[in-house]
Amino acid sequence: MIELLLMNKGLVLVTNDDGIHSPGLMALARSVREIADAYVIAPDRERSAVGHALTMHRPLRVENLREQVYSVNGTPTDCVAVGLAKILPQKPSLIVSGINRGANLGDDITYSGTVSAAIEGTIFGVPSIAVSIMLDGTQPPHYEAAQHYCLLAARFVLKNSLPYDTLLNVNVPNLPLREIKGVKFTRQSKRIYDGSVHETASPWGEIFYWIGGGKPYWEHGEDTDINAVMEGYVSITPIHLDLTNNKAIGWLRDKWNGI
Ligand code: MN
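Criteria and cut-off values
Residues numbered from 1 in each chain as written. Predicted model: local features only at pLDDT ≥ 70, side-chain atom pairs only at ≥ 80, totals over all residues. Heavy atoms only, no water. pLDDT = per-residue confidence, 0-100. Contact = heavy atoms within 4.5 Å. Helix = DSSP H or I, 4+ residues; strand = E, 2+ residues; numbered from the N terminus. Buried < 20%, exposed > 50% of the residue type's maximum accessible area, 1.4 Å probe, protein only. Pairing = 2+ DSSP bridges. Donors = N, O, S within 2.8 Å, 3.2 Å for Na, K, Ca; no water. Axes fitted to C-alpha atoms, helices over the stretch in contact; angles between N-to-C directions. Patch = residues over 30% accessible without salt bridge, like charges linked within 9 Å, V, L, I, M, F, W, Y side chains within 5 Å. Areas by Shrake-Rupley, 256 points an atom, 1.4 Å probe, with all protein chains shown as cover. Salt bridge = Lys/Arg side-chain N within 4 Å of Asp/Glu carboxyl O.

A. A look at the confidence of the model for the chain. Averaged over every residue, the pLDDT of the chain is 94; residues scoring 70 or more account for 97%. Note that residues 1-7 has pLDDT below 50 and, in this model, zero contacts with residues that lie over four places away or in other chains.

Structure representation (structure tokens):
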């Protein structure tokens, strides 16, 4: 029995892009500690929408805040890179990033610090999960539902690992746990923002541009991530890091020869 417990107790790195003080991160760490030995290594402040940025032009400072809790004055990707190389006592069995305040669906994942932390883990060969909760600004986050499904995903990955070069992008509707209909395995949808670049002026008449708050148009296919979450399901998308459009290689070759 003891042997079984030890076998199941993997080392898990918990991170996010909302910063070390985010309630979603703490909720995630509490849940992960039920099944594994968790280290929390997260940015010292909110770093949402930094994508996969790596800090290379200044040194990074790591602060040990509590036992197995560290903050880094850098990006989520920095946290994973420094964590794996210098903080963790061994290679973790899993990296979990989240619980992000706001969904990471469709093309938004290319901006996401939450997903990028999982990308960094995947590059280093550590199975990784990104978890986000869909918010509309009217309700406080139901972290307990995201925690529940995050633990299911973590258990799944600790048992089965993940296909090569692949992470799980988990998005949870902001509903009480009992109202969530279940899990759907989905594909990444397309999204276009309209009118998200706003012109504004300083009191001295200087013109600035402020990006955000546009109206998003989503592709609503039956099997998409956005559709699942809108219907009250948890969306789990396997994300592949190889961005190659393999079919387009043949297309390129054919067209290129015709030049
Ligand atoms: Mn965020």
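What follows picks up the thread again.
B. Just the environment of Leu-11, in detail. Tracing the backbone through its elements, the reader meets Leu-11 in strand β1 (residues 11-15). Taking relative accessible area as the criterion, Leu-11 reaches 5% and is therefore assigned buried. Leu-11 has contacts with Asp-37, Tyr-39, Leu-88, Pro-89, Gln-90, Pro-92, Ser-93 and Leu-94, leaving out every residue within four places of it along the chain.

C. Structural context of the pairing of strand β10 (residues 197-201). With five bridges connecting them, β10 and strand β11 (residues 207-211) associate as antiparallel partners. Along β11, the bridge assignment pairs Thr-200 with Phe-208.

D. View of the coordination of the manganese ion. Bound to the manganese ion on the protein side are Asp-17 (OD), Asp-18 (OD), Ser-48 (OG) and Asn-100 (OD1), at distances that span 2.1 to 2.3 Å. In the primary structure, the donors to the manganese ion are separated according to the pattern D-D-x29-S-x51-N. Placement of Asp-18 in the loop between β1 and α2 (23-32) and of Asn-100 in strand β5 (residues 94-101) is noted, with a sequence separation of 82 residues between them. Judged by its relative accessible area of 8%, Asn-100 is buried.

E. Expanded view of the sheet that holds β1. Spatially, β3-β4-β2-β1-β5-β6-β7-β13-β8 is the arrangement adopted by the nine strands of the open sheet, whose pairing is mixed. Since the sheet does not close on itself, it has two edges, and those belong to β3 (62-66) and β8 (183-185), each with one partner. Each neighbouring strand pair of the sheet contributes to a mean axis angle of 25°, computed without reference to strand direction. Here strand β2 (residues 37-43) runs beside strand β4 (residues 69-72); their pairing, made up of four bridges, is parallel. Along β4, the bridge assignment pairs Val-40 with Val-69. In this fold helix α3 (residues 76-87) packs onto β1, β2, β3, β4 and β5, with an angle of close to 135° to the strand it touches most, β2.

F. Here's a closer look at a nonpolar patch on the surface. On the surface, Val-197, Ile-207, Tyr-209 and Ile-211 cluster together to form a nonpolar patch covering roughly 460 Å² of accessible area. Ranked by residue count, the leading element in the nonpolar patch is β11, at three residues. Mapping Val-197 onto the fold places it in strand β10. With a relative accessible area of 53%, Val-197 lands in the exposed category.

G. Up close: the pattern of salt bridges. Enumeration over the complete set of coordinates arrives at six salt bridges. A salt bridge links Asp-44 to Arg-45, with the nearest nitrogen and oxygen atoms 3.1 Å apart. Since its relative accessible area comes to 24%, Asp-44 is described here as partly exposed. One salt bridge connects Glu-231 with Lys-184, and the closest N-O pair in it is separated by 3.1 Å. Placement of Glu-231 in the loop between α6 (225-230) and β13 (234-240) and of Lys-184 in strand β8 is noted, with a sequence separation of 47 residues between them. Owing to a relative accessible area of 24%, Lys-184 belongs among the partly exposed residues under this scheme. Through salt bridges with shared partners, one network takes in Arg-187, Glu-219 and Asp-223.

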